[in-house]
Amino acid sequence: MPRHISPYMPLIAPTSLRGTLLARKPDGNGVIEVWQNEKWRWLIFSSQGNQALAVQSLMHREHHSALALPYMQALCLSTCYVQADSPRVLQFGLGAAAINRFLSAHTLVDTLHTVEKSQVVVDVCHSYFGFPANNTIDIASADKWLASCITSNGNIDSNANLDGQAEMESQAELESHATFESHAKADERALDIAIIDLYGDGTTPAVMQRDQFYRAVASRLKCSGLVAMNLPHPNTDETKTIFAAMRLTFRHLHFFSLPGYDNVVLLASREPLGLDRLKLDRLNGLLSLDLFEIVEQSVHID
């Protein structure tokens, strides 16, 4: 498919954007800021010391559904590795809903449900960036939402967690997770893709370094489903711990490096991943990254 890439979609997002502050909202131990200039509007998460951690999301003001940040483009590669023509997607971490807008605008998914722990993030997204009307969202932390999936009534339990210290580690719940494959097969709500893009104070949440988290994610996926994650550089101790925890559930790992970025995008699955090149060709025509080159340079661990 010919690639018709508009000039507003940069290969590498600007690292020193200049603009006007639109909103500044306290959120837990940090601050959420929305900035804009004539072309861009962007979202920044700042630390408690008001140090800007990164541009979390970047939106062109005239083309809201375009994906500007390379790592988000790479996360969408997940749609090319699943069997379903219109996959059902679960997303942990909303940001400014850039992936939501892109996948929905190009009808690349059947359903997209997001789990976001911060009401402030949700409110800022609705007010300044927009959220697709056909998407759904729950306000809860990833671990509490996943823990709620194994309760009898599906309600979020304020005491439920995946930290290996409390209710999640009861024998009944461990047995429930040990049989997640049979549950996923029988569950009509089983999903094809889980996108995980969670950061706090510049690091990934501690729960992402625990194998219980990935067993719980797997319980919501089809056996052929996969996880797509944005992670720090693979040589960091943090990322190595995440890999070790994931490997207890997901045997097949694919790493995608991105030009100009230290972090990587990871695809993880229980079954071998098969690439649909027709899907890749279509997706490649919608994005600025050369996805074929990204795929060719990826590293597989089976």
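Refer to the preceding data block for the structure.
Just so it is clear, the model here is predicted, and its values are computed rather than measured.

(A) Molecular detail of the overall build of the protein chain. Along its length, the protein chain carries 10 helices and 12 strands. The buried share of the protein chain, reckoned over its 302 residues, is 52%. Counting only contacts in the protein chain whose residues sit at least 6 apart along the sequence, the fraction spanning at least 24 positions is 61%. Total accessible area on the protein chain stands at roughly 13,700 Å², and carbon and sulfur atoms take up 48% of it.

(B) View of the environment of Tyr214. On the secondary structure map, Tyr214 appears in helix H7 (residues 211–219). A relative accessible area of 0% places Tyr214 in the buried class. Residues contacting Tyr214, with those up to four places away along its chain left out, are Met208, Met229, Ile242, Ala245, Met246, Thr249 and Phe250. Engagement of the side chain of Tyr214 in a polar contact is seen with the backbone oxygen of Met208, the distance being 2.4 Å.

(C) Structural context of the sheet that holds strand S6 (residues 111–116). Across the sheet, which stays open at both edges, the eight strands sit in the order S7-S6-S5-S8-S9-S11-S10-S12 with mixed pairing between neighbours. Across the chains shown, the open sheet's two edge strands, defined by having one partner strand only, are strand S7 (136–139) and strand S12 (299–301). Across the sheet, the axes of successive neighbouring strands diverge by a mean angle of 15°, strand direction being ignored. Where strand S5 (residues 88–92) lies against strand S8 (residues 191–196), four bridges are found, and the strand directions are parallel. The partner of Val89 across the bridge, within S8, is Ile193. Set on the sheet, helix H8 (residues 237–247) makes contact with strand S9 (221–231), strand S10 (252–257), strand S11 (264–269) and S12; between it and S9 the angle comes to about 175°.

(D) Layout of the packing of aromatic side chains. Counted according to the given criterion, the structure contains five aromatic pairs. Pairwise contacts between aromatic rings join Phe92, Trp145, Phe213 and Tyr214 into one cluster.

(E) Region of interest: the side chain of Glu33. Here Glu33 shows up in strand S2 (residues 30–36). The exposure class assigned to Glu33 is buried, which follows from its relative accessible area of 11%. At 2.9 Å, the side chain of Glu33 and the side chain of Arg24 are in polar contact. Excluding residues within four positions of it along the chain, Glu33 makes contact with Leu21, Ala23, Arg24, Trp42, Leu43, Ile44 and Ser46.

(F) Just the nonpolar core, in detail. Ranked by size, the top nonpolar core spans 41 residues in total, and within it Leu67, Tyr81, Ile99, Phe102, Leu103, Phe256 and Leu283 carry the most contacts. One finds Leu191, Ala216, Val264 and Ala268 within the second-largest nonpolar core, a separate group that totals 32 residues.

(G) Geometry of the pattern of salt bridges. For the structure shown, the criterion picks out four salt bridges. With a shortest N-O distance of 2.9 Å, Arg24 and Glu33 are connected by a salt bridge. With a shortest N-O distance of 3.1 Å, Asp192 and Lys222 are connected by a salt bridge. Taken together, the positions of Asp192 in strand S8 and Lys222 in strand S9 put the pair 30 residues apart, joining distant regions of the chain. Looking at Lys222, the relative accessible area reads 31%, which means it is partly exposed.

(H) Structural context of the state of the cysteines. One pass over the structure, following the stated rule, counts zero disulfides. The structure places no disulfide on Cys80, whose sulfur is separated from the nearest cysteine sulfur, that of Cys76, by 8.9 Å. Looking at Cys80, the relative accessible area reads 1%, which means it is buried.

(I) Molecular detail of the environment of Ala147. The topology assignment puts Ala147 in helix H4 (residues 142–148). In this structure, the C-alpha to C-alpha distance between Ala147 and Phe213, residues 66 residues apart in sequence, is 9.1 Å.

(J) Expanded view of unusual backbone geometry. One non-glycine residue, Ala97, adopts positive backbone phi at about 65°. Relative to the helices and strands, Ala97 resides in the loop between S5 and helix H2 (98–105).

(K) Here's a closer look at empty space enclosed by the protein. Applying the stated criterion to the full structure yields one cavity of 30 Å³ or more. There is about 60 Å³ of room inside the largest cavity. Along its surface, the largest cavity is lined by Gln56, Met72, Gln91, Gly93, Leu94, Gly95, Ala96, Ala97, Ala98, Ile99 and Asp197. Of the residues belonging to the lining of the largest cavity, the class tally is six nonpolar, four polar and one charged.

Rules used throughout
- Residues numbered from 1 in each chain as written.
- Predicted model: local features only at pLDDT ≥ 70, side-chain atom pairs only at ≥ 80, totals over all residues.
- Heavy atoms only, no water.
- Helix = DSSP H or I, 4+ residues; strand = E, 2+ residues; numbered from the N terminus.
- Buried < 20%, exposed > 50% of the residue type's maximum accessible area, 1.4 Å probe, protein only.
- Contact = heavy atoms within 4.5 Å.
- Areas by Shrake-Rupley, 256 points an atom, 1.4 Å probe, with all protein chains shown as cover.
- Polar contact = N/O pair within 3.5 Å; in protein donor to acceptor, adjacent residues only side chain to side chain.
- Pairing = 2+ DSSP bridges.
- Axes fitted to C-alpha atoms, helices over the stretch in contact; angles between N-to-C directions.
- Phe/Tyr/Trp six-rings, centres within 6.5 Å; stacked < 30°, edge-to-face > 60°.
- Core = buried A, V, L, I, M, F, W, Y, C linked by side-chain atoms within 4.5 Å.
- Salt bridge = Lys/Arg side-chain N within 4 Å of Asp/Glu carboxyl O.
- Disulfide = S-S within 2.5 Å.
- 1 Å grid on protein atoms, 1.4 Å probe; cavity = no way out; pocket = protein on both sides within 12 Å on 5 of 7 lines; lining within 4 Å.
- Points joined across faces, edges and corners; volume = space filled by probe spheres on them.
- Nonpolar A, V, L, I, M, F, W, Y, C, P; charged D, E, K, R; others polar.

None of the figures reported here should be taken as evidence of function without further support.
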